[in-house]
Amino acid sequence: MSVASVSSSGEEMLLNMGPQHPSTHGVLRFILRTDGEVISAVEPDIGFLHRSIEKIAEIVTFEQFMPYTDRVDYLAAMNANHAWARAVEEIAHIEVPRRAQVIRVITDELNRIISHLLGGVGALAMDLGAVTPFLHAIRERETVNDIIESLCGARLTYNYVRIGGVWYDLPRNFADRTLEFLDHFEPALDEFDRLAGQNKIFKERLAGVGVVSAKDAIAHGLVGPNLRASGVKYDLRRNMPYSIYPELEFDIPVGQGILGTVGDCYDRYWVRIQEMRESVKILRQAFKMLPDDKTIKAKLPSVLKPPAGEIYVAVEAPRGEMGWYLVTNGGPKAHRGRVRTGSYAAMSAIRFISRGLMIADLVACIAAFDTIAPEVDR
Amino acid sequence: MTSDEIIARLTQKFGAEKIQRVKPEGVPQPVAIVAADTLRAAVKYLQEDPELDCGYLATICASDFLPEEKKTKSADGQEKIEKIPGRMEVAYHFGSYAKNHRVNLKVVIPSRENPTVPSIYSLNPAADWFEREQFDLLGIQFDGHPDLRRLLMPEDWQGYPMRKDYQQAPEWRGIPTSRENSHDLFLKRLAAEEAEEAAEEKLS
Amino acid sequence: MAGQSLSKPPIHVDASYYSPIDGGIVLANVDEFLAWTRANSLWYMLFGLACCAIELMQTGGPRADLDRFGAVFRASPRQSDMIIVAGTLTYKMATRVKILYDQMPEPKYVISMGSCSNCGGLFDLGYSVCKGVDKIIPVDVYVPGCPPRPEALTEGVIKLQEIVKRDRYLRRKVAA
C-alpha cells in the first residue's frame, strides 16, 4: 500500500540496492534515501551493462550488426532483430517477400509470449517471493525454446532475421508443433493466472501500488504495456502498422483498474497476461496466411549502401516501442544508430513514481515495469 | 497529419530562416532543421497547439561529423577540393498519441569545440536522461539542464567515447583495456622457438 | 534388518549402483572425504550480468537441473562456494566483482561462463567492456558459448567438481 504522506521524524538513511541482487532484471543499482521503511528519494545508477552497442554500429556493416541487436533485448531477440532490419529496409527501399513477413510475425509473437512469461509475469512473481510460478513459466518457455531451436539453432539470441527477409524457412513440422503448444498453453496460462494472479497476497502487494496516470505516463515517455496499463490505448501494431499486422484481428488490452486504480502494478500484470492471450490468437491466424511462394529473402547487392539521410523506425517489442534512429552517410556502415528502448524510460520514471512507497513496494514496482538491464544501458 | 504538414505549420509560425525542411534523395522521412534559439519555442508550440499535440518525445540522438574534404568536378572539368567543416547534430523525434503522427527535428551545431544546445527538460521531463546520455557520450552541453553529469560511463572516465576521433586510454584504474589475441601469442611463441633453433644451429 | 547378510541387495537395484559395505565401515583419506562432500554441495553466487544469466536461470530450472548436483543459488557472497560470472563485464562493474570476490570465504572457485566473460567476446570492439573476467579475479573453469547451453554449463560444473575432488584442502596454502 502506498503511503501518501511522508513523516519526517527521525534521520534519513542512505541505502544501496547494489548492482548485484537476487532479481532477474540484471545489474541495476538504486540509491535510496529512506526514513525508516518509507522512501523519500530514489536515484537509479545505471551503466553497469553499457556495452557500447551504438559505437559498434559505426564499426561493422549493416548485415554484420544483426547479432548485436539480439543483445539489446535478449528476452525478445526476434523483435529486436526485426527493428534493425526494418530500419535498414526502410531507408534502403528493400521489399521483403510475403512469406518472410509472415514468418517474422510468427516469431515475433512467439517471442512476445516467452518474454512476458519470463520477464513480465514470472520475474514479478519471483521478486515478490513466489518461486513456484516462476518455475511454471520456465517450463512453458522450455517448450518454445525447443521449437525455436528447431528453426534457427539457438535458444536465446537467435540472429535469425536478415535484412531483406529471414535466414531459413520453417521446418516441416514447425506449424504442428507450435499449434500443439498453443493448445496446451491456453489452459496453462489460465492455471498460472489462478496460481499467481488470483492469490490474495499477490493482489494485496500489487493493487494500488505505483499508480501512474495517463498524463504522467506520456510525459515521462513510458511505452508498451506500461503505457497501456495507465489507460492510453496505443499500440504500434495497430496505430503505425508494419508487416502483415493490418490484416490480423486482435484486441489491444488497456488497463481498467480491476482492483481499484487505473495504472497500478496489478494493471501492468493483467495487461501482460491479456497480451499473451492476444498473441495466441495472432499466431493461429498467421499460420493460415503462409503463402506457397517460398522466397524468404530479397536479393541484395553484395555491399549494401543506403542513401545518405536519417530515419526513425519503430516496432512494438514486448517492452514497448523499440525504435532505431539511423543516420547514414552513403557508405556500407551506419554513421550513427541510436536505439530507443522502453525500459530506459521506465527506469527514468521510477524516480517520480516511488515517492512515499515502502522498500518492498519499490521492488514490486521495478518488477512490474519489466525493466531489463541491457535495454537501459545498451 | 503527415510529417510534411507538421513541418509546414512550423515554418508558417516561425519563418523560413528558422525552420528549414530537408529531405535527401531516396530517404522516406523529412527532417526540419531548427535554429538553436528557436528550439524551445518550437517544442513548446508542438506540445501546446491543439492540432499538433506532440507531447511524446521518443528519442534525442546526437551525431558527430568530422571535417572532410570532398572532390567535385566543376563545369569545365577541373577537379576542386571542397572542405566541409566538422559539425554536430542533435536530432529529436516527437510524436502524438491522440493524433497519431510523428515528426523529426534537428539542430545543427556548426563547430565541434564546446557544442551547446538549449535544454528542453523543463518542457518535457522525458528529456532528462536522454540529454544526460548525449552529454556523457558526446560532450554536448545542454543549457538549462539542472543536473548534467555522466550517466552510463564511470564518473572518472576521461573523454567522450562516441566521438569519431576518440582514442581509448591503455588502462583504467589499473585494468588494461586490451587483450592479446591468442593467435598473436601463438605466433610470438613460434617466432621465439624458431629463433632458438636458429641460434642452436649456428652454434653447432 | 539385524543379522541379514549385506552381500545380497535388500531391494532390486541395478548392479552397477550397488557397492557392498562390509560391516558398515568405510575407509578413506580425510582429504578425499572432505573433497567429496564439498564437490557435491557447491553453492554458487548468483552473478548473472547479461544474456548468460538467463541461461544460468534456465539451467537451474526444471529441465537441466543444477540442484541435483547440490548446487543451489545464494544471493550473498558470504554463503557461497563459487561464483559463476555469467555475462559481459564492464569497467564500471569490474570494481564490484573484486569486492564481491574478496567477500567470499575460502575455499572459493570461479567459473567464467560465456564468451564475454572469457575474453570480451562479441563486444571486443567496445570501449567500455573489460576483456575477460580473468583480468580481475582468477578463474578455474572457462565455459565457451554465446550463450552456452545448459548442458555445456552442467559440464563446466562437473569439471569443477573434478577440480574440487583433487584439491588437497588441508595442505593448501592460502595467500595471506
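What this report covers is the structure whose coordinates are included nearby.

Criteria and cut-off values
Residues numbered from 1 in each chain as written. Chains lettered and ligands numbered in written order. Predicted model: local features only at pLDDT ≥ 70, side-chain atom pairs only at ≥ 80, totals over all residues. Heavy atoms only, no water. Helix = DSSP H or I, 4+ residues; strand = E, 2+ residues; numbered from the N terminus. Buried < 20%, exposed > 50% of the residue type's maximum accessible area, 1.4 Å probe, protein only. Contact = heavy atoms within 4.5 Å. Phe/Tyr/Trp six-rings, centres within 6.5 Å; stacked < 30°, edge-to-face > 60°. Pairing = 2+ DSSP bridges. Core = buried A, V, L, I, M, F, W, Y, C linked by side-chain atoms within 4.5 Å. Buried area = accessible area lost by both parts, 1.4 Å probe. Salt bridge = Lys/Arg side-chain N within 4 Å of Asp/Glu carboxyl O. Polar contact = N/O pair within 3.5 Å; in protein donor to acceptor, adjacent residues only side chain to side chain. Nonpolar A, V, L, I, M, F, W, Y, C, P; charged D, E, K, R; others polar. 1 Å grid on protein atoms, 1.4 Å probe; cavity = no way out; pocket = protein on both sides within 12 Å on 5 of 7 lines; lining within 4 Å. Points joined across faces, edges and corners; volume = space filled by probe spheres on them. Axes fitted to C-alpha atoms, helices over the stretch in contact; angles between N-to-C directions.

Another point: the environment of B:Leu138. Note on placement: B:Leu138 falls in helix H3 (residues 127-138). A relative accessible area of 1% places B:Leu138 in the buried class. Separated by 120 residues in the primary sequence, B:Leu138 and B:Lys18 have C-alpha atoms spaced 25 Å apart. Excluding residues within four positions of it along the chain, B:Leu138 makes contact with A:Arg336, B:Ala62, B:Ser63, B:Asp64, B:Met88, B:Tyr160, B:Met162 and B:Arg163.

For the rest of this paragraph, the subject is the packing of aromatic side chains. Going through the model one piece at a time under the given rule, you end up with 26 aromatic pairs over all chains. Taken together, a centroid distance of 6.3 Å and an interplanar angle of 50° make the contact between A:Phe174 and A:Phe287 tilted. Linking A:Phe174 in helix H6 (residues 174-197) with A:Phe287 in helix H11 (residues 265-287), this pair joins segments that are 113 residues apart in sequence. No difference in accessibility class separates A:Phe174 from A:Phe287, as the two residues are buried. Centre to centre, the rings of B:Tyr56 and B:Tyr97 are 4.8 Å apart; their planes meet at 25°, and the pair counts as stacked. Taken together, the positions of B:Tyr56 in strand E3 (residues 56-65) and B:Tyr97 in the loop between strand E6 (87-96) and strand E7 (101-109) put the pair 41 residues apart, joining distant regions of the chain.

The next subject is the pairing of strand E7 (residues 320-328) of chain A. Residue and element names in this part refer to chain A. The buried fraction of E7 amounts to 9 of the 9 residues, a majority that puts the element mostly inside the structure. From the end of strand E6 (residues 309-317) to the start of E7, which pair antiparallel, there are 2 residues. By the bridge criterion, 6 bridges tie E7 to strand E8 (residues 334-340) in an arrangement that is antiparallel. Each residue of the ladder has a partner; that of Val327, found in E8, is Arg336. Hairpin remark: E7 followed by E8, antiparallel, with 5 residues in the connecting loop; positive phi at Gly330, about 85°.

Our next topic: the nonpolar core. Counting residues in hydrophobic clusters, the biggest one holds 206 residues, and the most contacted among them are B:Tyr92 and B:Phe94. Tallying contributions element by element places helix H4 (residues 98-127) of chain A first for this core, with 14 residues. Among the nonpolar cores identified, the runner-up in size contains 21 residues, and C:Tyr44, C:Ile84, C:Val141 and C:Val157 belong to it.

Moving on: the interface of chain C and chain A. The interface of chain C with chain A comprises 31 residues on the first partner and 39 residues on the second. Summing both partners gives a buried area of about 3200 Å² for chain C against chain A, and 64% of it is carried by carbon and sulfur. By the criterion of area lost to chain A, the three top residues of chain C are C:Gln58, C:Arg63 and C:Phe123, representing 19% of everything that side buries. Here chain C and chain A share 5 salt bridges between them. In this structure, the salt-bridge partner of C:Lys92 is A:Asp45, at a minimum N-O distance of 3.3 Å. Applying the counting criterion to the chain C and chain A interface returns 15 residue pairs in polar contact (both at pLDDT 80 or more). Sorting the residues of the side of chain C that touches chain A by element identifies strand E1 (44-48), helix H2 (51-59) and helix H3 (91-103) of chain C as the ones contributing at least two each. In terms of residue count, the dominant contributor to the side of chain C that touches chain A is H2(C) (5 residues). Per-class residue counts for the side of chain C that touches chain A are 20 nonpolar, 6 polar and 5 charged.

With that settled, consider unusual backbone geometry. In this chain, C:Glu106 is followed by C:Pro107 through a cis amide linkage whose omega measures -10°. A cis amide bond, omega -10°, links C:Cys146 with the succeeding residue C:Pro147. Structurally, the position occupied by C:Pro147 is in the loop between strand E5 (141-143) and helix H5 (150-166). Not every positive phi belongs to a glycine, and B:Asn114 is a case in point at roughly 50°. With respect to the helices and strands, B:Asn114 occurs in the loop between E7 and strand E8 (116-118).

What follows is about the layout of surface pockets. Size it by volume and the largest pocket reaches roughly 670 Å³. Considering the residues around the largest pocket, the lining is formed by 32 residues, among which A:Pro22, A:Ser23, A:Met126, C:Leu46 and C:Phe73 are closest to the centre. Grouping the amino acids of the lining of the largest pocket by side-chain chemistry returns 20 nonpolar, 9 polar and 3 charged. In this structure, the second largest pocket encloses a volume near 350 Å³. Looking at the second largest pocket, it is lined by 20 residues, and the ones nearest its centre are A:Met240, A:Tyr312, B:Gln29, B:His93 and B:Arg102.

What follows covers the sheet that holds strand E4 (residues 109-113) of chain C. Residue and element names in this part refer to chain C. Pairing is parallel in the open sheet, where 5 strands are placed in the order E2-E1-E3-E4-E5. The sheet is open, and its two edges are formed by strand E2 (73-74) and E5, each paired on a single side. Here strand E3 (residues 82-86) runs beside E4; their pairing, made up of 5 bridges, is parallel. Across the sheet, the residue bridging to Ile83 is Val110, located in E4. In this fold H2 packs onto E1, E3 and E4, with an angle of close to 130° to the strand it touches most, E3.

Our focus in this paragraph is the interface of chain B and chain A. At the interface, 47 residues of chain B touch 43 residues of chain A. When the two sides are added together, the surface that chain B and chain A hide from each other amounts to roughly 3800 Å², 56% of it contributed by carbon and sulfur. Viewed at the interface, chain A and chain B are joined by 7 salt bridges. With its nearest N and O atoms 3.2 Å apart, the salt bridge here joins B:Arg149 to A:Glu43. For the pair chain B and chain A, the number of links is 23 residue pairs in polar contact (both at pLDDT 80 or more). Looking at the side of chain B that touches chain A, the elements with two or more residues in it are E3, E6, E7 and H3 of chain B. Counting residues per element, the side of chain B that touches chain A draws most heavily on E3(B), which supplies 10 residues. Counted by class, the side of chain B that touches chain A contains 25 nonpolar, 12 polar and 10 charged residues.

A word on the environment of C:Arg166. Residue and element names in this part refer to chain C. With respect to the helices, strands and loops of the structure, Arg166 is situated in helix H5. Judged by its relative accessible area of 60%, Arg166 falls in the exposed class. As a C-alpha pair, Arg166 and Ala50 span 116 residues in sequence and 32 Å in three-dimensional space.

Relative to the elements of secondary structure, B:Glu89 occurs in strand E6. Among the residues examined, B:Glu89 registers a relative accessible area of 5% and is labelled buried. Separated by 3.0 Å, the side chains of B:Glu89 and B:Arg87 make a polar contact. Aside from chain neighbours lying at most four places away, what touches B:Glu89 is A:Glu310, B:Cys61, B:Ala62, B:Ser63, B:Phe65, B:Lys106, B:Val107 and B:Val108.

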